[in-house]
4 protein chains.
Amino acid sequence: MSAAQKVDVFRVPCDGPADLSGVQALVDAGRLDPRQIIAVMGKTEGNGCVNDHTRDFAATAWCHFLAPHLDCTAAQVHGRVALVMSGGTEGVLSPHFTVFARGPAGAAEATHEKRLVVGVAHTRDFAPEELGRMAQVEATAEAVKAAMRDAGIEDAADVHFVQVKCPLLTSAKVRAAQQSGAATVSRDTYESMGWSRGASALGVGLALGEFAAVDEAAILHDGTLYSARASCSAGIELDGNVVIVLGEAAGSASRFRIAHTVMQDAIDGNSVRRMLRERFGLDPEADADLVADRLVNLLAKAEASPGGLVREARHTMLNDSDIHSTRHARAAVGGVLASVVGSTALYVSGGAEHQGPPGGGPVAAIFAIPSF
Amino acid sequence: MSAAQKVDVFRVPCDGPADLSGVQALVDAGRLDPRQIIAVMGKTEGNGCVNDHTRDFAATAWCHFLAPHLDCTAAQVHGRVALVMSGGTEGVLSPHFTVFARGPAGAAEATHEKRLVVGVAHTRDFAPEELGRMAQVEATAEAVKAAMRDAGIEDAADVHFVQVKCPLLTSAKVRAAQQSGAATVSRDTYESMGWSRGASALGVGLALGEFAAVDEAAILHDGTLYSARASCSAGIELDGNVVIVLGEAAGSASRFRIAHTVMQDAIDGNSVRRMLRERFGLDPEADADLVADRLVNLLAKAEASPGGLVREARHTMLNDSDIHSTRHARAAVGGVLASVVGSTALYVSGGAEHQGPPGGGPVAAIFAIPSF
Amino acid sequence: MSAAQKVDVFRVPCDGPADLSGVQALVDAGRLDPRQIIAVMGKTEGNGCVNDHTRDFAATAWCHFLAPHLDCTAAQVHGRVALVMSGGTEGVLSPHFTVFARGPAGAAEATHEKRLVVGVAHTRDFAPEELGRMAQVEATAEAVKAAMRDAGIEDAADVHFVQVKCPLLTSAKVRAAQQSGAATVSRDTYESMGWSRGASALGVGLALGEFAAVDEAAILHDGTLYSARASCSAGIELDGNVVIVLGEAAGSASRFRIAHTVMQDAIDGNSVRRMLRERFGLDPEADADLVADRLVNLLAKAEASPGGLVREARHTMLNDSDIHSTRHARAAVGGVLASVVGSTALYVSGGAEHQGPPGGGPVAAIFAIPSF
Amino acid sequence: MSAAQKVDVFRVPCDGPADLSGVQALVDAGRLDPRQIIAVMGKTEGNGCVNDHTRDFAATAWCHFLAPHLDCTAAQVHGRVALVMSGGTEGVLSPHFTVFARGPAGAAEATHEKRLVVGVAHTRDFAPEELGRMAQVEATAEAVKAAMRDAGIEDAADVHFVQVKCPLLTSAKVRAAQQSGAATVSRDTYESMGWSRGASALGVGLALGEFAAVDEAAILHDGTLYSARASCSAGIELDGNVVIVLGEAAGSASRFRIAHTVMQDAIDGNSVRRMLRERFGLDPEADADLVADRLVNLLAKAEASPGGLVREARHTMLNDSDIHSTRHARAAVGGVLASVVGSTALYVSGGAEHQGPPGGGPVAAIFAIPSF
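It should be emphasised that the depicted structure is a prediction, and the values quoted were computed from it without experimental measurement.

A. Examining unusual backbone geometry more closely. Phi angles above zero are rare outside glycine, and H354(A) is one such case at about 60°. Despite not being glycine, E312(D) has its phi angle at roughly 75°, a positive value. When you line up the elements, E312(D) lands in the loop between β11 (309-310) and β12 (313-314). In this structure E312(D) comes out as exposed when scored by relative accessible area, which is 71%.

B. Fine view of the side chain of S171(B). As for its placement among the helices and strands, S171(B) is situated in helix α5 (residues 171-179). Setting aside residues up to four positions removed in sequence, S171(B) forms contacts with T189(B), L318(C) and N319(C).

C. Representation of the UniProt feature "binding site: Mg(2+)" (unreviewed entry) in chain A within the structure. Residues and elements named next belong to chain A. Per the UniProt record, "binding site: Mg(2+)" (unreviewed entry) is annotated on E303, A352, Q355, G356, P357 and G360. A stretch of 58 residues holds the annotated residues, and the largest C-alpha distance among them is 10.0 Å, short enough that they meet in one place. You can see Q355 is positioned in the loop between β13 (347-350) and β14 (361-368). Given the relative accessible area of 0%, Q355 is considered buried. Non-local contacts of Q355, meaning those with residues more than four positions away in its chain, are made with R197, A201, Y226, S227, A230, S231, C232, K301, G360, G361 and P362. Engagement of the side chain of Q355 in a polar contact is seen with the backbone oxygen of G351, the distance being 3.3 Å. Counting through the fold element by element, G356 comes out in the loop between β13 and β14. Those residues in contact with G356 that sit more than four places away from it in its chain are Y226, S227, V262, G361 and P362.

D. Representation of the sheet that holds strand β8 (residues 240-250) of chain B. Residues and elements named next belong to chain B. With mixed pairing, 4 strands are arranged side by side in an open sheet as β5-β8-β6-β7. Only two strands of the sheet have a single partner each, and these edge strands are β5 (114-125) and β7 (230-235). Geometrically, the sheet is characterised by an average inter-axis angle of 15° between neighbouring strands, direction not taken into account. When β5 meets β8, the two strands line up antiparallel, connected through 10 bridges. From the neighbouring strand, V118 faces β8, where its bridge partner is L246. Packing against the sheet, helix α6 (residues 189-207) makes contact with β6 (159-167), β7 and β8, and its axis sits at approximately 150° to β7.

E. Here's a closer look at the UniProt feature "active site" (unreviewed entry) in chain A. Residue and element names in this part refer to chain A. Here, the residues flagged by UniProt with the feature "active site" (unreviewed entry) are K165 and S233. Separation in sequence by 69 residues is not matched in space for these annotated residues, since their most distant C-alpha atoms are only 5.0 Å apart. Owing to a relative accessible area of 1%, K165 belongs among the buried residues under this scheme. Residue position: S233 is located in strand β7 (residues 230-235).

F. Spotlight on the relation of the copies chain D and chain B. For the pair chain D and chain B, the superposition axis carries a translation of 0.0 Å, the fit reaches an RMSD of 0.0 Å, and the rotation angle comes to 180°. Read as a symmetry element, the transformation amounts to a two-fold axis. Using C-alpha coordinates, one finds that chain D approaches the rotation axis most closely at F57(D), a distance of 3.0 Å. Same-surface contact between copies: 100% of interface residues of chain D are shared with the interface of chain B.

G. Quick look at the relation of the copies chain D and chain C. For these two chains of identical sequence, chain D goes onto chain C by a turn of 180° and a shift of 0.0 Å along the axis, with RMSD 0.0 Å. Mapped onto chain C, 100% of the interface residues of chain D again fall at the interface, so both copies present the same surface.

H. Representation of the domain arrangement of chain A within the structure. Residues and elements named next belong to chain A. Here chain A is partitioned into domain 1 (5-109), domain 2 (116-246) and domain 3 (254-368). Distance between the C-alpha centres of domain 1 and domain 3: 22 Å. With 25 residues of domain 1 at the contact, the number on the domain 3 side is 23 residues. Taken over both partners, the interface formed by domain 1 and domain 3 buries close to 1,900 Å², and the fraction arising from carbon and sulfur atoms is 57%. When residues of domain 1 are sorted by the area they lose upon contact with domain 3, R11, E90 and L93 head the list and together hold 32% of the total. Where domain 1 packs against domain 3, one counts 3 salt bridges. Here R327 makes a salt bridge to E90, at a shortest N to O gap of 2.8 Å. Among the elements of the structure, β1 (5-13), β2 (37-44), β3 (82-87) and β4 (96-104) are those that each provide at least two residues to the side of domain 1 that touches domain 3. Ranked by residue count, the leading element in the side of domain 1 that touches domain 3 is β1, at 6 residues. The residue makeup of the side of domain 1 that touches domain 3, split by class, is 8 nonpolar, 12 polar and 5 charged.

I. Fine view of the sheet that holds strand β9 (residues 256-263) of chain C. Residues and elements named next belong to chain C. Spatially, the 4 strands line up as an open sheet ordered β9-β14-β10-β13, and their pairing is mixed. Each edge of the sheet is formed by a strand with only one pairing partner; in this case those strands are β9 and β13 (347-350). The sheet shows a mean angle of 15° between the axes of neighbouring strands, taken without regard to direction. Across 5 bridges, strand β10 (residues 295-302) lies against strand β14 (residues 361-368) in antiparallel orientation. Counterpart to L298 in the pairing with β14 is A365.

J. Representation of the interface of chain D and chain C. Each side of the interface is counted separately: chain D has 40 residues, and chain C has 40 residues. Where chain D abuts chain C, roughly 3,000 Å² becomes buried across the two surfaces, and 51% of that area is made up of carbon and sulfur atoms. Sorting the residues of chain D by area buried against chain C places I267(D), E285(D) and R314(D) first, and these three jointly supply 21% of that buried surface. On the surface where chain D and chain C come into contact, there are 6 salt bridges. Note that D320(D) is salt-bridged to R327(C), the shortest N-O span being 3.8 Å. Put simply, chain D and chain C have 12 residue pairs in polar contact (both at pLDDT 80 or more) between them.

K. Fine view of the packing of aromatic side chains. According to the stated counting rule, one finds 14 aromatic pairs over all chains in the structure shown. Here the aromatic rings of W62(A) and F65(A) are separated by 5.8 Å at their centres, their planes lie at 80°, and the arrangement is edge-to-face. Of this pair, W62(A) and F65(A) both sit in helix α2 (residues 54-70), 3 residues apart, roughly one helical turn. Directly above the ring of Y347(B) sits K43(B), whose terminal nitrogen or CZ lies 5.8 Å from the centroid.

Definitions and cut-offs
- The residue count restarts for each chain, going from 1 along the sequence in the order it is written.
- Labels follow written order: the first chain is A, the first ligand is 1, and so on.
- For a predicted model such as this one, the threshold for reporting local features is a pLDDT of at least 70, and the threshold for listing and counting side-chain atom pairs is 80 or more; totals across whole chains, interfaces and linings nevertheless cover every residue.
- Calculated side-chain values reflect all of the structure's heavy atoms, with hydrogen atoms and water omitted.
- Each helix is a run of H or I in the DSSP string that is no shorter than four residues. Each strand is a run of E no shorter than two, and both are numbered from the N terminus.
- Whether a residue is buried, partly exposed or exposed follows from its accessible area with a 1.4 Å probe, protein chains only, as a fraction of its type maximum: under 20%, in between, or over 50%, in that order.
- In this analysis, two residues are considered to be in contact whenever any of their non-hydrogen atoms come within 4.5 Å of each other.
- UniProt positions are given in the numbering used here, feature names are shortened, and annotations may be inferred rather than shown by experiment.
- The term polar contact refers here to a pair of N or O atoms within 3.5 Å; inside protein, the definition further demands a hydrogen-donor-capable atom paired with an acceptor-capable atom, and it admits residues adjacent in sequence only when both atoms are side-chain atoms.
- In this analysis, strands are considered paired if DSSP registers two or more bridges between them.
- Axes here refer to lines fitted to C-alpha atoms; in helices the fit is confined to the stretch in contact. Angles between the N-to-C directions go from 0 to 180 degrees.
- Alignment of the copies relies on least squares applied to C-alpha atoms, considering only residues that score at least 70 for pLDDT in both.
- The domain boundaries here were taken from an automatic or database domain assignment.
- Summed over both partners, the accessible area (1.4 Å probe) lost when two parts come together is defined as the buried area.
- One side-chain nitrogen of Lys or Arg within 4 Å of one carboxyl oxygen of Asp or Glu is enough to make a salt bridge.
- We call Asp, Glu, Lys and Arg charged. Ala, Val, Leu, Ile, Met, Phe, Trp, Tyr, Cys and Pro are nonpolar, and the rest, Gly among them, are polar.
- Two rings from Phe, Tyr or Trp (for Trp, the six-membered ring) form a pair when their centres are within 6.5 Å of each other. A pair whose planes differ by under 30 degrees is stacked, one over 60 is edge-to-face, and the rest are tilted.
- In this scheme, Lys NZ or Arg CZ marks a charge over a ring once it lies within 6 Å of the ring centre and within 35 degrees of the ring normal.

Given below as structure tokens:
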């Protein structure tokens, strides 16, 4: 990717998983060229777990929407645009799509300051028994590096968020593996989502140099090994990983900046408050209106503290057989973050294995630059 | 109640609905005289809806615990101590009991400053068809006034929180009413909880002079009519309302203060931040350690905005047939409040009909006075 | 419709809400002409309640599948084919589509015996405040008569099943009605599904002469008023009712027969056993293989007994705030019916207001005729 | 136990987990001597999974009820009476208790025919890391043999049902094991229930000679290894296994008989129909009234077929992240069995690892002898 890229980002609300009327309106208004869309990060209103068909429903709607613009079939869109749908809008969270469009910038537009850039890459498809193991870690690390090149980022320090969409094990995949004599990392479909996210996150951290090496035994076992910038979502609708790198580079013509922090636990809103003050010069309380005005989105991971405690007090998320812990965690962290920025259409994704410290998670913020 | 009352408040964690080992430890340490306990507000880990048996389980455990101290049967304890169990510890919320004990104070102990006082009263039992109607509104208003007298509060402005426990309609009660020719306000057990809470809250507001009159047609219909200090929980285990008034009076010997505010919507943490600064002189960020040290508990109501929007963005809580909206709301608001005070064992109760503005809710804070 | 119609019925399993590979295989094999499809009754694997997006996902997949065959847009397919998706495959139930195709029969093919015929009709769109009221009852009754004519059925006794798909109230519709000054029958989205189903079922019974008149006050209140042949499903994806009449007529060239019975309660498998013996000459135990061979599908309604009892014993379905009663009922009745016919891909639909007696429901069976 | 035992069995409905008014009525009527109660098998109305507190609530109520009769503390009752509470009354299932009382019989009462006998035994408490492993298998096998001796059964062929209540891993137990350097079989609390049930069932089969040996690697992996008479429920409220053996012996003075069969899959009602005809001489359809009259209870296990199929058709129970598969399975099998015997207060328990073939499960029937 040449340095003179220009990235546009739109946060578009929707009335249901397949509602793209807001996107169509942007296209109709001439604000968005659908041919320049390279990635979509959606929050859809399903349960975010194994049988969340709203993710597939939304992705399918995007395929049908983009196909005529890209002059390909609906099925082929998946190979052209990174469609990452994260299920679960518990609590106050509001379903929406974050749409990244990338196009060439005129030389005059490029700035010497660091500005938002985006890159995308895919791994190969994985065999069921590779999920949650080193094969997935290593392939993800390679894809992150490819996506950095695609974004025009040279220094890993300029990467602020890496979104990975990764597969899960369905009952059918587990059966297939068993019949071929291979042992999957788990036979439980829900549990497999955690393995796939964890291995993918370790791949991100490896690529960004957040740690030097990963041992297979560390996956889902060594909580001290984590990426501060990885966000991984598992979905039933794909067989390989899709990687989106969000960062900054000088020479971009984008009118956005991005920064990141890490919530140390599920109620650590103060880390986000500090980031807003220190990186964007905005105080969440005093500048509440400016924050609401300029915020494009927060991108965050949430999970129930695996030790069963938040600040020494017991939580009940992991013992709840009626509501999965990922749903609890999104609802709680969604409330925390929404109270900081005054907005509920946030990308809060569940299951933060090796994504931030145990019980915490990475948070990135994309803001528009006021002078634009 | 004579003015020279001394109120102690303890927030006690538990390992399950019936775990009173923490309470026993306070008794064993001589810090709590079980005969002085007049009210318990528990957060138990059930679903907080119709079939939440953890409330009854916890209340029963309290009855068996207190009976020998009160020299009565377990069943008789209900008539002696106000046991209010609110189900639902979604998200980060941590199950616990807030125990109020009241005893006489020595003359030397009493202070001229306003300090925490507590009062309790009961209504008569209601017929199924009275729930959610004026009969419940009016009986509750009378009970609030009785509880104020019991607390030694003369000015309604000194009341900061009124906790009501009220009945719901079970299938059996609906059938009984139908057989007797009476029409209940709803035949849906879950929905009846809202009617009972709403009518009770209007009774509180009436007693406190927050509005001059209530019309039966306003119940659950006129969202502009609300109390800023009512908190109502419906439970399967009782047939009348129990009312606990929390406020302040001069001449009390308590070492606690109480204040209240209103969250305007589910993410309005800023109102709580302001209350901490203005009423207790503590900044949630700068004084985080002091806040955590001195906080006894936040008492709050949460609900899904009935209009389907939070700050103009759609939420999905009211259309979710897998998780009731009260559960979503507790998880979200629990996250918001925990991020303000750095503690998760908070009393966040769901279903805020006429308790605060639509989508928002009252929040009271009990803090220990540092000089003690 | 001329009498010489020929109806084909296929029960097609699917791997997910949008999986039409089985249908494509029938088309590829020359067994099904997609242009002749007039109705599809699907069981999809969502929760069957308000936020079940699998119904819309499946219907959308059908639209994209049929559009090129019908030479119209995907959106226009809804006006050409009756797509009825019923959510919820709890317990052993298996997701599938029942596809009805209708074409002209050669004169030589027509038989003088009664054979399966199908007819379809639509009502106009309803205003939110018309749902669950007489407007919906009456419009449905008219549509049933229109569908009978379309099927070539003259005698209402020859109608064995009437499937209605009807709208529900979303939060948005309730708000819209309120803003226009109109009062909807309920403000609860889940509850509105029952009102819409109930009013539609009464419309069916009225059209079939099962009772002479309906009073608006009877809707959801008078359980003695019911149709033995109505099956109504509410869905978020439409604004009017779609009606499919299944019955028999002489002169049809179909190779199927249909019959119906009524389960008196949720465990009344014996009524279905008797129907198999008396109407199809098959004993469920002795002829188990023949039953499995010839069965096309059972079409049934299920509900939790509104009185809270099954054969004098208490059930807990109506007090369960974790799982909606319709889900419980489908799981239980699905088990009962599957144990009778030895097959789990059955059309068991929840919410049987005025569809069979309280707690029971209509069951129709479509069997292939062995001589064909 | 001398051969001249007399066993009484009562199936008692309840209005809630702690409602023992029906039991009290039996005592008041002189029909049940509470001092003779040796075992209670309850179906309570919780979710039957990790956070089902209704089991503990019911057991606690039984402890408080029995303590004065047994002249011990409530806590000591657990060591005196086998209290097995199985959560989950999905679908039509009705909450109830099956109460076994055993007393000495006069010589004249004893019969030479085989009649119902009951025996009880306990294992030692298990360390967290022993659950789901050979230690639990072997200790259970020993306890089964001890319970057979207690029941006066010499031939394993006379054992028709073995109920085991076994522990599960809570988050706290997993943490404790990790801190002591021991690895538990799973870190997932819900999954641990399956491991504990599976190991216990293999212990039963070993004791009854249903297979000659068990290898630790077979636990939860070799579905061909199963007991046709084991029923295991996991609960949070105990640390060792409790074993209840139900069988027949000559010389008993009981007025009941017991038999068992195996459902080959979740819809195999026909096996139960055959058992009723062959073992009790009752046809489920023709003798429906006699069946309802004489039935004491069916005791059955249910599970979602681990292969994802029932009779070659896909089920969705294992991919459902909203409702656990054990809940689906109880609802479906409860419907199947209730339709056979015309009664819904049945003991259908979820999670049938190594209890019957994969997807199927053991079913025992206790019937009163008409001549009594």
